[in-house]
Amino acid sequence: MSRKEEILARLRDAIVNLDYEGIRDVAKEAIEAGLSPYEAIMEGMAKGMDIVGQKYEQGEYFLAELIMAGETMKEGLSVLEPYMKKGEIKHIGKVVIGTVEGDLHDIGKNIVITLLTASGFEVVDLGVDVSAEKFVEAVRKHKPDIVAMSALLTTTMVNMEKVVKALEEAGLRDKVKIIVGGAPLTEEFAKQIGADAYGRDAVVGVEICRRWVSEKG
Ligand code: B12
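Residues numbered from 1 in each chain as written. Predicted model: local features only at pLDDT ≥ 70, side-chain atom pairs only at ≥ 80, totals over all residues.

## Remarks on the overall build of the protein
Helices and strands together make up the secondary structure of the protein, namely nine helices and five strands. Seen in sequence order, the protein has helices and strands lined up from the N terminus as α-α-α-α-β-α-β-α-β-α-β-α-β-α. Here the C-alpha atoms of the protein give a radius of gyration of 18 Å, agreeing with the 17 Å that 2.2 N^0.38 yields for 217 residues. Over its C-alpha atoms, taken along the principal directions, the protein stretches across nearly 55 × 45 × 25 Å. Relative to its full complement of 217 residues, the protein shows a buried share of 41%. (Helix = DSSP H or I, 4+ residues; strand = E, 2+ residues; numbered from the N terminus. Rg over C-alpha atoms; globule rule 2.2 N^0.38 Å. Buried ≥ 20, exposed ≤ 12 C-beta atoms within 10 Å, placed from the backbone.)

## Comments concerning the domain arrangement of the protein
Looking at the assigned domains, one finds that the protein contains domain 1 (3–84) and domain 2 (93–216). Computed over C-alpha atoms only, the centres of domain 1 and domain 2 are separated by 25 Å. On the domain 2 side, the residues contacting the eight residues of domain 1 number six residues. When grouped by side-chain class, the residues that make up the side of domain 1 that touches domain 2 number six nonpolar, one polar and one charged. (Domains from an automatic or database assignment. Contact = placed C-beta atoms within 7 Å. Nonpolar A, V, L, I, M, F, W, Y, C, P; charged D, E, K, R; others polar.)

## What to know about the site of the ligand
Around the ligand lies a shell of 39 residues, among which Gly53, Gly108, Gly181, Gly199 and Gly205 are the nearest. Looking at the shell around the ligand, the elements that each hand over two or more residues are α3 (37–57), α4 (63–80), α5 (107–118), β3 (146–150), β4 (177–181) and α9 (202–216). Here the residues of the shell around the ligand are counted per class, giving 21 nonpolar, twelve polar and six charged. Two domains share the shell around the ligand, each providing at least three of its residues, namely domain 1 (3–84) and domain 2 (93–216). (Near = placed C-beta within 6 Å.)

## Thoughts on unusual backbone geometry
Its identity is not glycine, yet Asp129 carries a phi of approximately 55°, on the positive side. Its place among the elements puts Asp129 in the loop between β2 (121–125) and α6 (132–142). Even without a glycine there, the phi angle at Lys143 is positive, about 45°. Residue placement: Lys143 occurs in the loop between α6 and β3. Judged by the 12 C-beta atoms lying within 10 Å of it, Lys143 falls in the exposed class.

## Things to note about the environment of Val180
Relative to the assigned elements, Val180 resides in strand β4. Residues Val180 and Ile97 lie 83 residues apart in sequence; the distance between their C-alpha atoms is 9.6 Å. Aside from chain neighbours lying at most four places away, what touches Val180 is Met149, Met160, Leu185, Ala190, Ala195 and Tyr198.

## With respect to the nonpolar core
Ranked by size, the top nonpolar core spans 61 residues in total, and within it Leu11, Val95, Leu116, Val147, Met160, Val180 and Ala195 carry the most contacts. Among the elements that line this core, the one with the most residues is helix α1 (residues 3–16), at six residues. Looking at which domains feed residues into this core, each of domain 1 (3–84) and domain 2 (93–216) supplies at least three. (Core = buried A, V, L, I, M, F, W, Y, C linked by C-beta atoms within 7 Å.)

## With respect to the packing of α1 against α3
In contact at an axis separation of 7 Å, α1 and α3 are set at 35° when each is read in the N-to-C sense. Here the hand of the crossing between α1 and α3 comes out right-handed. Here Leu8, Leu11, Arg12, Asp13, Ala14, Ile15 and Val16 of α1 come into contact with α3, specifically with Ala40, Glu43, Gly44, Met45, Lys47, Gly48, Met49, Ile51 and Val52. (Axes fitted to C-alpha atoms, helices over the stretch in contact; angles between N-to-C directions. Left-handed = near helix turned anticlockwise from the far one by under 90°.)

## Thoughts on the sheet that holds strand β1 (residues 93–99)
Taken together, five strands build an open sheet; the order of strands is β2-β1-β3-β4-β5 and the sheet is parallel. Because the sheet does not close on itself, it has two edges, and the strands there are β2 and β5 (197–199). Strand after strand, the sheet turns through a mean of 25° between neighbouring axes, direction not considered. As defined by bridge partners, β3 adjoins β4 across five bridges and the pair is classed as parallel. Paired with Ser150 across the strands is Gly181, a residue of β4. Here α5 sits on the sheet and contacts β1, β2, β3 and β4; the angle it forms with β2, its principal contact strand, is near 155°. Each of β1, β2, β3, β4 and β5 is contacted by α9, which is oriented at about 175° to β4, the strand it contacts most. (Pairing = 2+ DSSP bridges.)

In structure tokens form, the structure reads like this:
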């Protein structure tokens, strides 16, 4: 195993073992060893979160462990984030983002925000449990290029469609591109609800957003 692989495995394990105290040191080590913060997040910590999800499904972990895993992930992100925002940032576009109504999952959304910010986007984070009305209000106020929505529950992904409809009713739909993401979603679902794109993960999502603003010119 190379040094890089070893550190990625330790980042993954820190999440799986809910090592809230230890993850900061591993994250620092990752940076010192020359790993990019992107790799550390996507190929280390996010992989650990997948395993936590499987353990939850298998009845090995419970809600308390899910919460702890989420907190551990945030702790690791707080070490890595400053390394993604180096240098002068000229904004290339504006994104309004939120987790839809009824849904409190924000780890994936926060990774998307981190990568968007690092790519030069100005991001307005509406937080979690965001109603369609709040999305509409934010689009009116901030005039973004892109609206991004996250949902992790099959019971809340349907609320994404409400946002698309509300934007249509407010006459704002053609002013923005809409991208949706989150584990239970599919490309097909995104099309069906009238979104412009589905971001399988944060990296793909940010690539799509970059393409949109560059096409806009
Ligand atoms: C951590 C977690 C929690 C934490 C959330 C902490 C937090 N601050 O977010 C807590 C403990 C609060 C929680 C609560 C619940 N959870 Co939960 N949770 C998870 C878990 C383990 C991990 C989610 C996560 O953070 N993954 C890591 C991130 C990095 O991945 P991600 O979110 O998928 O995001 C990536 C992509 O999807 C994408 N992405 C995400 N959003 C967006 C948006 C855009 C625009 C783009 C481009 C991309 C994108 O990019 C990200 C990075 O690549 C999942 C299991 C799993 N494996 O997904 C269950 C899971 C989502 N939870 C589940 C459930 C059932 C619940 C509860 C209902 C449990 C309960 N009985 O109370 C509650 C619901 C609370 C609520 N109203 O929202 C189920 C959902 C089942 C379903 N089909 O609907 C899951 C799948 C677990 C399971 N297997 O049963 N949960």
